[in-house]
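# Fold and contact review
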Amino acid sequence: MATIHKVFYQLPGKALRVCVTGAAGQIAYSLLYSVAKGDVFGKDQPIILTLLDIAPMMGVLEGVVMELQDCALPILQEIKATADEREAFTDIDVAMLVGAMPRREGMERKDLLKANAKIFQSQGKSLDQYAKKTVKVVVVGNPANTNALIAMKCAPSIPKENFSCLTRLDQNRAKSQIAAKCSVPTSGVKKVTIWGNHSSTQFPDAMHAVVVKDGKDTKATEAVNDDAWLKGDFITTVQKRGAAVIAARKLSSAMSAAKAICDHVRDWVQGTTDGDWVSMGVISDGNTYGVPEGLIYSFPVTLSGGKWTIVDGLSVDAFAREKMDITAKELIEERDAALEFIGN
């Protein structure tokens, strides 16, 4: 099926070109509405959406385009749905790489890594060739950290700092667990960190977190007052939350993933709030936490002016060091396997 292209109207102000891959999938179905109505870039920022998926999904994409049109969204200026990477990535400002090969029954992890390495090798090269050099890229499709690394390595003309992977969903899960434990709204939980890989080895860390209770900032460790929970069930609940959603819903997380993507990109563009930080998978080069260089690793970051900065100076005790090293080891193994698959 040919490219679907809908131009609705021209709006004053320069439109942002935003590409979403895996656009016929369930995460994108929740994500696209939020992006197109202004939740990410602002209510007055005109948006041009490019939707990329594989050719067999173009019929589904046609329905998605119709629904977006039927939403009558004031800032949505244009939509292009395509199976061609060149058309999808040309002159884009933001890439939300949601699509990836899912793990199928009986598939070994190395087979999943190999399949996705090829996908993100291709998309990285296309970004390098067609996207703006200032493009901001967030990779969602799993294994997200390593897929982001592959795309980055295949796009040498785009700064490494412009590539990231999503760990905001893990952070949001961690915040909600602490909020429930302390009987406060999630807005009252700050400075929760996700270290490492978006996998079951990730390290959700509340040791530097703050809980706002009765109008006062309190260390999360004091507000929770349950060290065994913070070092046990809290960590494993966040690590295994994705699997728990699949077990209950028979489908992977979609609504919460879409919300987290919006959070991630909104903060990247608009900046983090004072006195807080967020978690993003970013290039580990130059970090001060003993994480090996050359990985896309989740760190606590602050964002301003469209740039991220790793939060320095956080204490790392023996418990945290062990957890951070375990997840780094997994990322090294993934990286080495994936790079071998693409011959890099």
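Residues numbered from 1 in each chain as written. Predicted model: local features only at pLDDT ≥ 70, side-chain atom pairs only at ≥ 80, totals over all residues. Heavy atoms only, no water.

Let's shift gears to the pairing of strand 6 (residues 136-139). Neither face of strand 6 is open: one carries Lys136 and Val138, the other Val137 and Val139, and all of them are buried. Note: strand 5 (residues 94-97) against strand 6, four bridges, orientation parallel. Its bridge partner lying in strand 6, Ala95 is registered against Val137. Alignment of strand 6 against strand 7 (residues 163-165), held across three bridges, turns out to be parallel. Looking at the pairing, Val138 lines up with Ser164 of strand 7. Following the chain from strand 6 across helix 5 (residues 144-153) to the adjacent parallel strand 7, one finds a crossover that is right-handed. (Buried < 20%, exposed > 50% of the residue type's maximum accessible area, 1.4 Å probe, protein only. Helix = DSSP H or I, 4+ residues; strand = E, 2+ residues; numbered from the N terminus. Pairing = 2+ DSSP bridges. Right-handed = clockwise from strand over helix to strand, strands pointing away.)

This part covers the packing of aromatic side chains. Under the definition given, this model contains five aromatic pairs. Look at Phe203 and Phe319: their rings are 6.0 Å apart centre to centre, the planes differ by 70°, and that puts the pair in the edge-to-face class. Of the two residues, Phe203 is situated in strand 10 (residues 203-205) and Phe319 in helix 12 (residues 318-341); the sequence distance between them amounts to 116 residues. Judged by relative accessible area, which is 2%, Phe203 ranks as buried. On the basis of an interplanar angle of 45° and a centroid distance of 4.9 Å, the ring pair of Tyr297 and Phe299 is categorised as tilted. Across the pair, Phe299 and Tyr297 agree in class, each one buried. Here the aromatic cluster, defined as three or more aromatic residues joined through ring pairs, consists of Trp195, Tyr289, Tyr297 and Phe299. Against the face of Phe319 rests Lys231, its NZ or CZ located 5.0 Å from the ring centre. (Phe/Tyr/Trp six-rings, centres within 6.5 Å; stacked < 30°, edge-to-face > 60°. Lys NZ or Arg CZ within 6 Å of the ring centre and 35° of its normal.)

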